[in-house]
Amino acid sequence: MTVATIRPQPKEWVAPQETQEDLDWAELTTVDISKFDQPGGKQELANELKQAVEKDGFWAVVGHGISKEEFNHQYALGQHFFEDYTLEEKKAQEVQFEQGNYFGYKIKGNKKVFDTDVRDNVETLNIAKFTSDHKYDQYFKQPFIQEHREELEILSKKAFEVARKLLVLFAIILELPENYFADLHAYDLPSDDHLRYMRYHPRSIEDDEQVERIWARGHTDFGSLTLLYNQVVAGLQIRLSDGSWKYVKPVDQGLICNIGDTLLFWSGGYFKLTIHRVIRPPNDQINAPRIGTFYFVRPGDVDISIAPSPLLKKLGLYEDIDPVSGTDYVRGRVKDYHDRKDYLKRENATFRLGAFEIKDGICA
Ligand SMILES: O=C(O)CCC(=O)C(=O)O
Ligand SMILES: [Fe+2]
């Protein structure tokens, strides 16, 4: 006789306390995107965002219309997935890195780090888009996704809606038709966009010391745009042009956003692509569960070439180049980064596809 287990309901999310340590924080722009639909609002926001995309490639968004309840529920769902499902249930759909396919679950500890015996400490669940043709339902084998499908679909679309507004602002900045990037990344188009839940498991200080306290090595994101729901456990750092690393500061109810590889390409290098990493949190947060929730925007079966932007032309950044397919780039990049037994340093490594090349070797 099989005994059905009764699954607990998602527990309320209690955000960890912010650190009391005096860390070296980055000064990031915060934009209030609630102005988007007001007269003149888009232009005003584009002006504000212009500084951030030129200089830091990272900024925070508030006024995004995701309520406090939804924001906390996003974290509560992540906590529920990590704590209340068995490993077997989590593994119902595993990522297929050999195909550059990042939908599903990645167990923690399956990669060695930096030529040591220390293993990675991250488990991840990536949930594809809920498109009207149900193209991605094949990846929804996790009982978690099946049991929370409705909420996940709403949360996925809400996050995308913020991303869509940012894509409109990028087009305005480049003096392109407003929907230039939004149309290329539309929610219903096939692409490897995903909602992500991630949990880092603290390692002993001895193990962390062997890997220079790195929890996620320096990298850039593979798609167009990343949205991270406010992360209160310090550890995410961005690399400034002088080579120093600064911590990303929590922003209450904020979404921390950054440019990825493919928008760098589309903008002829105008949008700043910033290398970032995650290091061991400060002592007063080391035992807090570092759960992260994200939405990653990645181009699909669309051509990437430098956008015919009047601004880029004026700046001499426009060039007529042979396009590269978004899917080929994203899948090739995922495969190159993850389809390995180790996360090595790979200093000075590059990833190239057609005319586009990315430096992928800066770790520490
Ligand atoms: O966990 C974080 O704070 C950042 C993770 C990250 O950069 C990524 O998954 O691309
Ligand atoms: Fe990242």
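Residues numbered from 1 in each chain as written. Chains lettered and ligands numbered in written order. Predicted model: local features only at pLDDT ≥ 70, side-chain atom pairs only at ≥ 80, totals over all residues.

Asks: Can you help me understand the sheet that holds strand β7 (residues 214-219) in this one?
Replies: Remark on secondary structure: sheet strands pair via backbone hydrogen bonds, oriented parallel or antiparallel. As summarised here, the arrangement of the four strands in space is β7-β12-β9-β10, forming an open sheet in which the pairing is antiparallel. Taken across any chain shown, the strands that pair with only one partner, and hence form the sheet edges, are β7 and β10 (245-247). On average, adjacent strands in this sheet sit at an angle of 25° to one another, irrespective of strand direction. Across three bridges, the pairing between strand β9 (residues 236-239) and strand β12 (residues 276-279) is antiparallel. Bridge pairing in β12 links Leu236 to Val278. (Pairing = 2+ DSSP bridges. Helix = DSSP H or I, 4+ residues; strand = E, 2+ residues; numbered from the N terminus. Axes fitted to C-alpha atoms, helices over the stretch in contact; angles between N-to-C directions.)

Asks: For this particular structure, what's the right way to read the sheet that holds strand β5 (residues 122-127)?
Replies: Strand order in this open sheet of eight strands is β1-β2-β11-β8-β13-β6-β5-β3, and the pairing throughout is mixed. Lying at the two open borders of the sheet, with one neighbouring strand each, are β1 (30-32) and β3 (104-106). Neighbouring strand axes in the sheet, compared pairwise and without regard to direction, differ in orientation by 25° on average. Bridge count for strand β8 (residues 225-229) against strand β11 (residues 255-259) is five bridges, and the pairing is antiparallel. Bridge pairing in β11 places Tyr229 opposite Leu255. Running at roughly 160° to β1, helix α1 (residues 41-55) makes contact with β1, β2 (58-62) and β11 of the sheet. Along the sheet, helix α2 (residues 68-84) makes contact with β5, β6 (194-200), β8 and β13 (290-297), crossing β13 at roughly 110°. (Contact = placed C-beta atoms within 7 Å.)

Asks: Is there a simple way to think about the environment of Val162 in this case?
Replies: Within the secondary structure, Val162 sits in helix α5 (residues 149-173). Using a count of 21 C-beta atoms within 10 Å as the deciding quantity, one classes Val162 as buried. Put simply, Val162 and Gly292 are 130 residues apart on the chain and 18 Å apart in space, counted from C-alpha to C-alpha. If we skip the residues at most four places from it in the chain, Val162 touches Ile33, Val61, His64, Leu227 and Leu255. (Buried ≥ 20, exposed ≤ 12 C-beta atoms within 10 Å, placed from the backbone.)

Asks: For this particular structure, what's the right way to read the pairing of β11?
Replies: One face of the sheet, then the other: side chains in a regular strand alternate in exactly this way. Of all five residues in β11, five are buried; the element is thus mostly enclosed. The two faces of β11 match: Leu255, Cys257 and Ile259 on one face and Ile256 and Asn258 on the other face are all buried. Across four bridges, β2 lies against β11 in antiparallel orientation. Across the sheet, residue Trp59 finds its bridge partner in β11, namely Cys257.

Asks: Please explain the confidence of the model for the chain as it appears in this structure.
Replies: Interpretation of this model should avoid reading the predicted coordinates in detail wherever pLDDT is low. Here the chain averages 93 in pLDDT, and 98% of its residues register 70 or above. At the level of chain-chain contacts, confidence expressed as ipTM amounts to 0.97, with global pTM at 0.95. (pLDDT = per-residue confidence, 0-100.)

Asks: In this structure, what is going on with the UniProt feature "domain: Fe2OG dioxygenase" (unreviewed entry) in the chain? I would like to understand it.
Replies: Look at the UniProt record and you will see "domain: Fe2OG dioxygenase" (unreviewed entry) annotated at residues 190-299. Taken end to end, residues 190-299 is 11% helix and 38% strand, and its two terminal C-alpha atoms sit 8 Å from one another. (UniProt positions renumbered as here; feature names shortened; annotations may be inferred.)

Asks: Got a minute to help me understand the site of ligand 1 in this structure?
Replies: As a structural note, the neighbourhood of ligand 1 is formed by Met198, Ala216, Asp221, Gln231, Leu236, His276, Val278 and Gly292. Partitioning the shell around ligand 1 into residue classes produces four nonpolar, three polar and one charged. (Near = placed C-beta within 6 Å. Nonpolar A, V, L, I, M, F, W, Y, C, P; charged D, E, K, R; others polar.)

Asks: When you look at the pairing of β8 in this model, what are you seeing that I'm missing?
Replies: Burial analysis of β8 places five of its five residues in the buried class, the great majority of the element. With burial as the criterion, each face of β8 is covered, one bearing Leu225, Leu227 and Tyr229 and the other bearing Thr226 and Leu228. Relative to β13, β8 runs antiparallel, the two being bridged by four bridges. When the bridges of β13 are listed, Leu227 appears paired with Tyr295.

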